[in-house]
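Each chain, letter by letter, is given below.
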Amino acid sequence: MKKFGYVFLSVLFLAGLILVSGCTSNAAETGVQVPAVTDNAEKSLVVYCGAGLREPMEKIAAAFEEKEGIQIKYTYGGSAQLLSQMELLQGGDVYMPGAKAYIDSAAKKGFIEESQDVVYHVLTVAVPKGNPKNIQTLFDLTKDGIKIGIGEPDGPAVGTAAKNILTKNNLWEDAQDNIAVQSGTVNELLVYLNMNQVDAVIIWEDLVDPEKMDVLDIPVEEGFIKVVPIGKLTFSENPEDAMKFVDFVSSDEGKAFYRECGFETYPSDKYQNI
């Protein structure tokens, strides 16, 4: 039995050699080349990004990956939620919230090493096409029978901004009875409006679909306009690549994708006093 076992193992060993030899020579004979693994082949960056910036950032990711060979992996959500997430995980490479206040907060915590200003987030009030409730000004949001939707005041950037614009115009307290929805992300507000569950929503101007919505003409002095920055995280394990992405987003090439999606890019004469 032992002798048989030795013979059997020897046959298996020889068969393995033949298979390896056969595969190697076949590749050489046919000219098939196994692609070399480059340094960039497995490179990727984790980017925490405000949900309202998804459309231009997806386009930017595709252009950046084609240019640098570095994959971008987004985590979308409310700005405050993302800040809490990165604080818990102590990981990731880049943070782009919906407003500068969140970058400032992250910097105070020691999470941001360098940042660049990219675009403006301009708040507006959107209503269903045709404006059936005849909402013309911010002050109309406090009228009886008007249902409005806002982001959570302590959550996404759009929620904080909604509270700020109403407070700025002394409307926050009077609007409380009319706030029918407080959502975790700005995209949810669009769903509520399209389903006619609210009469108006306070959202970012660049998210307005002109085929389905009308917007209020809010004077600059009454409005809420904030600069949106992007920052490199201090705990990035790929700091050079992270900075490449920050620079790309804030470059003319990167900003062009934002303009294509309806954003006003920084700096702008229109908002020079902001």
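This text gives an overview of the structure that appears in the document. (Residues numbered from 1 in each chain as written. Predicted model: local features only at pLDDT ≥ 70, side-chain atom pairs only at ≥ 80, totals over all residues. Heavy atoms only, no water.)

1. A look at helix α5 (residues 157-168)
With 12 residues, α5 should cover 16 Å at 1.5 Å per step; its first-to-last C-alpha distance of 16 Å lies within 8% of that length. Those residues of α5 lying buried are Ala157, Val158, Gly159, Ala161, Ala162, Ile165 and Leu166. Asparagine 170 sits one or two residues past α5 and shows a positive phi near 60 degrees. (Helix = DSSP H or I, 4+ residues; strand = E, 2+ residues; numbered from the N terminus. Expected span 1.5 Å × (residues − 1). Buried < 20%, exposed > 50% of the residue type's maximum accessible area, 1.4 Å probe, protein only.)

2. Here we look at the nonpolar core
In this structure, Tyr95, Val125, Leu141, Ile203 and Trp204 are the most contacted members of the largest nonpolar core, which totals 51 residues. A per-element tally of this core places α5 first, with six residues. If we skip the residues at most four places from it in the chain, isoleucine 203 touches Val122, Leu123, Thr124, Ala126, Val158, Val186, Leu189, Leu190 and Val208. Ile60, Ala63, Met96 and Val119 belong to the second-largest nonpolar core, a separate cluster that totals 29 residues. (Core = buried A, V, L, I, M, F, W, Y, C linked by side-chain atoms within 4.5 Å. Contact = heavy atoms within 4.5 Å.)

3. Thoughts on unusual backbone geometry
Proline 267 follows tyrosine 266 through a cis peptide bond whose omega is -5 degrees. Among the secondary structure elements, proline 267 is positioned in the segment after β10 (264-265). One non-glycine residue with positive phi stands out, namely asparagine 134, at about 55 degrees. Position of asparagine 134 relative to the elements: it lies in the loop between β4 (112-128) and β5 (148-151). Positioned with a positive phi, asparagine 196 is a non-glycine residue whose angle comes to about 60 degrees. Relative to the helices and strands, asparagine 196 resides in the loop between α7 (186-194) and β7 (200-204).

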